[in-house]
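One-letter residues, chain by chain:
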Amino acid sequence: MSNFITLDDLYPPFWDKLKDRQIFCGFKLIGDQKMPVGADGLTGLGADADLGRFGTYDQIKKMNLPFLGVSLMHPVEIDGKYLVCLDFDWKRAPDGIAEPEQLELMAMLEKLGAYYETSFSGKGAHYWVLAKDENIPRSLKLKNNCEVEVFSGFPNGKSNVLVTDYDISGELRNINIKAIWPK
């Protein structure tokens, strides 16, 4: 047993209160692609996936897959709001640097105390928030192959997102995303 306090002790992961809900999936690598895996062990979780294919956190963790994630194939409601992941990505940028729109939006989310984790690549970030459905924007494509993907479970939203728990901070907060979204 460690006597050291870690960030995990200070900031429980956002999913901790959701771990008994069947909203989790695994991911395995096929080539360099991360493919979602259901609680049944089968690869592929599309829009037509039966809700029974998703598992609790413990069910998916026990599968010992390389990665674990949250499936937002269907909106996840919490206290009348919806769980949203804003996935900032600049790993494909030629210079490996985030665009100013991304930096500005991340600074606003940080100021609002949104839950943060560094993405798996180290060249991106996930901000997990709660939002009303009318305040959830569409994904944003920026120059230099940078983007902000929106995972929400609503049509035109992305669906399965890897949870990293790297460098976590903040809380799962209610945020009007459209009010701070780049124009």
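Because the structure is a prediction, the values reported are computed rather than measured.

Q: What exactly am I supposed to notice about the overall build of the chain here?
A: In terms of helices and strands, the chain carries 4 helices and 11 strands. Referenced to the eigenvectors of the C-alpha coordinate spread, the extents of the chain come out at roughly 45 × 40 × 40 Å. A buried classification covers 47% of the 183 residues belonging to the chain. Within the chain, counting contacts between residues at least 6 apart in sequence, those at least 24 apart form 72% of the total.

Q: Explanation requested: the sheet that holds strand 10 (residues 160–162) in the structure shown.
A: Hydrogen bonds between backbone atoms are what pair the strands of a sheet, whose relative direction is either parallel or antiparallel. Here we have 4 strands laid out as an open sheet, ordered 2-1-3-10, and antiparallel in their pairing. Two strands bound the open sheet, and with one partner strand each, they are strand 2 (33–37) and strand 10. Averaged over all pairs of adjacent strands, the angle between strand axes in this sheet comes to 40°, irrespective of strand direction. In this structure, strand 3 (residues 67–71) lies alongside strand 10, joined through 3 bridges in antiparallel fashion. Within strand 10, the position partnered with G69 by the bridge is L162.

Q: Please explain the environment of V150 as it appears in this structure.
A: Here V150 lies in strand 9 (residues 147–151). Taking the C-alpha atoms as reference points, V150 and Y127, 23 residues apart in sequence, are found 9.9 Å from one another.

Q: Would you mind going over the pairing of strand 7 (residues 124–131) with me for this structure?
A: Both faces of the sheet carry side chains from a regular strand, because those side chains alternate between them. Where burial is concerned, most of strand 7 is hidden: 8 out of the 8 residues are buried. Side chains G124, H126, W128 and L130 project from strand 7 onto one buried face, and the interleaved A125, Y127, V129 and A131 project onto a second face that is buried too. Both strand 5 (residues 81–89) and strand 7 contribute to a ladder of 8 bridges, which runs antiparallel. Residue pairing across strands places L83 opposite L130, the latter belonging to strand 7. As defined by bridge partners, strand 6 (residues 115–118) adjoins strand 7 across 4 bridges and the pair is classed as antiparallel. If you follow Y115 over to strand 7, its bridge partner there is W128. The antiparallel hairpin formed by strand 6 and strand 7 contains 5 residues in its connecting segment, where G122 sits at a positive phi of about 85°.

Conventions and cut-offs
Residues numbered from 1 in each chain as written. Predicted model: local features only at pLDDT ≥ 70, side-chain atom pairs only at ≥ 80, totals over all residues. Heavy atoms only, no water. Helix = DSSP H or I, 4+ residues; strand = E, 2+ residues; numbered from the N terminus. Buried < 20%, exposed > 50% of the residue type's maximum accessible area, 1.4 Å probe, protein only. Contact = heavy atoms within 4.5 Å. Pairing = 2+ DSSP bridges. Axes fitted to C-alpha atoms, helices over the stretch in contact; angles between N-to-C directions.

So yeah, pure geometry; function would need other evidence.
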